[in-house]
Amino acid sequence: MQLHELKEQLVKKKLQPLYIFTGEEVAIMNIYIDKIAKIVGSPAKRMDSVGSIFGKLQNQSFINKPSCYVIRDDKDYLAQDKIWDSLNTGAVQGKNTIILVYTNLDKRSKFYKQHNEMFTEFEKLIPEVLAKYIKKEIGLDVKKGVQFAELCDCNYSRILLECDKIKHLAAARKCDIEVAYAIAIKEKLIHVEPKDVIFELIDAVCKREITRSYKLLEELMTINESPLGIISLLYTNFKSMLLVQSAGAGADISKRTGLTPWQVKLAKEKGVHYSMDELVRSIRTIRETEKGIKTGAIEQNMSIEFILASLL
């Protein structure tokens, strides 16, 4: 079941007996769990397994108030195929609603294939959509919200925590949200995972921001990040910029380059800082450096500095 189909059900307040949620965007998932519980008319009850409530559901009187049960990662139920149909049709739970939540599931399994239409996957939202949530949460400008979302790796749970931090900062400094956000960025109060620092570095190099590039590289060196991972990302980004720049104008750039519309958008924003000849030379330098590391001709701890000196 696609997310828009789930939304339509909730708008019409027509619930099905069983839902199966999966995906990494837990905060958005919890919003929908709360919406379902509200329609049921009972707070969500977190249970350990289907087995722990199965007998209770069978013996429940018709006068009992309906409940919304949420069960996370019940591995035993995955093998209990004899009772699947009774829950899928609502034969056991009556007016009660069961939401099964799984962190990971094998899409080749019998369970997944038989319940395919009941699955709703909560994937990470794109920065532009998250920026609207951020604006609603703290009133931050949408353009800055996109940057904020990217800093938080488009993880809505993390975004909510950081929004709370910015709200407290604004109250403590007696300033508005825009100023508080600027302070948080400047003073590095927003938690950034090491891999996010890598993406910031790639972004800075692509935009030819020399000072910022070396400052971010210094941060990465303190956590002993593998240079090969950084080199791989640099190669991918510079290749995308070259593909987009060489494709010229037109509405079918994605089709001609093989890149997604989002990748094309990012490449257009970054690629204006290098000429086509510079991009070709940069890609060659990145490739030769990678080869040098693998053959032992170039020291790993000097490789990124060499690339930056060549590119910037």
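No experiment lies behind these values; they were computed from the predicted model shown. (Residues numbered from 1 in each chain as written. Predicted model: local features only at pLDDT ≥ 70, side-chain atom pairs only at ≥ 80, totals over all residues. Heavy atoms only, no water.)

Engineer: Teacher, can you tell me more about a nonpolar patch on the surface here?
Structural biologist: There is a patch of nonpolar side chains on the surface, built from I126, V129 and Y133 and spanning about 230 Å² of accessible area. In this fold, I126 is placed in the loop between strand 5 (119–121) and helix 6 (127–138). (Patch = residues over 30% accessible without salt bridge, like charges linked within 9 Å, V, L, I, M, F, W, Y side chains within 5 Å. Areas by Shrake-Rupley, 256 points an atom, 1.4 Å probe, with all protein chains shown as cover. Salt bridge = Lys/Arg side-chain N within 4 Å of Asp/Glu carboxyl O. Helix = DSSP H or I, 4+ residues; strand = E, 2+ residues; numbered from the N terminus.)

Engineer: Looking at this structure, how should I read the packing of helix 7 (residues 142–151) against helix 8 (residues 156–173)?
Structural biologist: Contact geometry for helix 7 and helix 8: axes closest at 9 Å, N-to-C directions at 120°. For the element pair helix 7 / helix 8, the angle class is oblique. Taken as a pair, helix 7 and helix 8 cross one another with a handedness that is right-handed. Residues F148, A149 and L151 of helix 7 touch helix 8, and the partners they reach there are R158, I159, E162, C163 and I166. Tallied by class, the residues present in the contact of helix 7 with helix 8 amount to six nonpolar, no polar and two charged. (Axes fitted to C-alpha atoms, helices over the stretch in contact; angles between N-to-C directions. Parallel < 35°, antiparallel > 145°, perpendicular 65-115°, else oblique. Left-handed = near helix turned anticlockwise from the far one by under 90°. Contact = heavy atoms within 4.5 Å. Nonpolar A, V, L, I, M, F, W, Y, C, P; charged D, E, K, R; others polar.)

Engineer: Before we go on, may I ask you to explain the environment of G55 in this structure?
Structural biologist: Here G55 lies in helix 3 (residues 51–58). For G55, a relative accessible area of 32% gives the class partly exposed. Taking the C-alpha atoms as reference points, G55 and L217, 162 residues apart in sequence, are found 59 Å from one another. (Buried < 20%, exposed > 50% of the residue type's maximum accessible area, 1.4 Å probe, protein only.)

Engineer: Just to check I follow, could you spell out the sheet that holds strand 4 (residues 97–102) for this structure?
Structural biologist: Hydrogen bonds between backbone groups are what pair the strands of a sheet, and the pairing can be parallel or antiparallel. Within the open sheet, the five strands sit side by side as 2-3-4-1-5. Their pairing is parallel. Where the open sheet ends on each side, the last strands, each with one partner, are strand 2 (44–47) and strand 5. Here the strands of the sheet are splayed against their neighbours by 25° on average, with no regard to which way each runs. As paired strands, strand 3 (residues 68–72) and strand 4 are joined by five bridges and run parallel to one another. From the neighbouring strand, Y69 faces strand 4, where its bridge partner is I98. Against the sheet, helix 3 makes contact with strand 2, strand 3 and strand 4, and its axis sits at roughly 155° relative to strand 3, the strand it touches most. (Pairing = 2+ DSSP bridges.)

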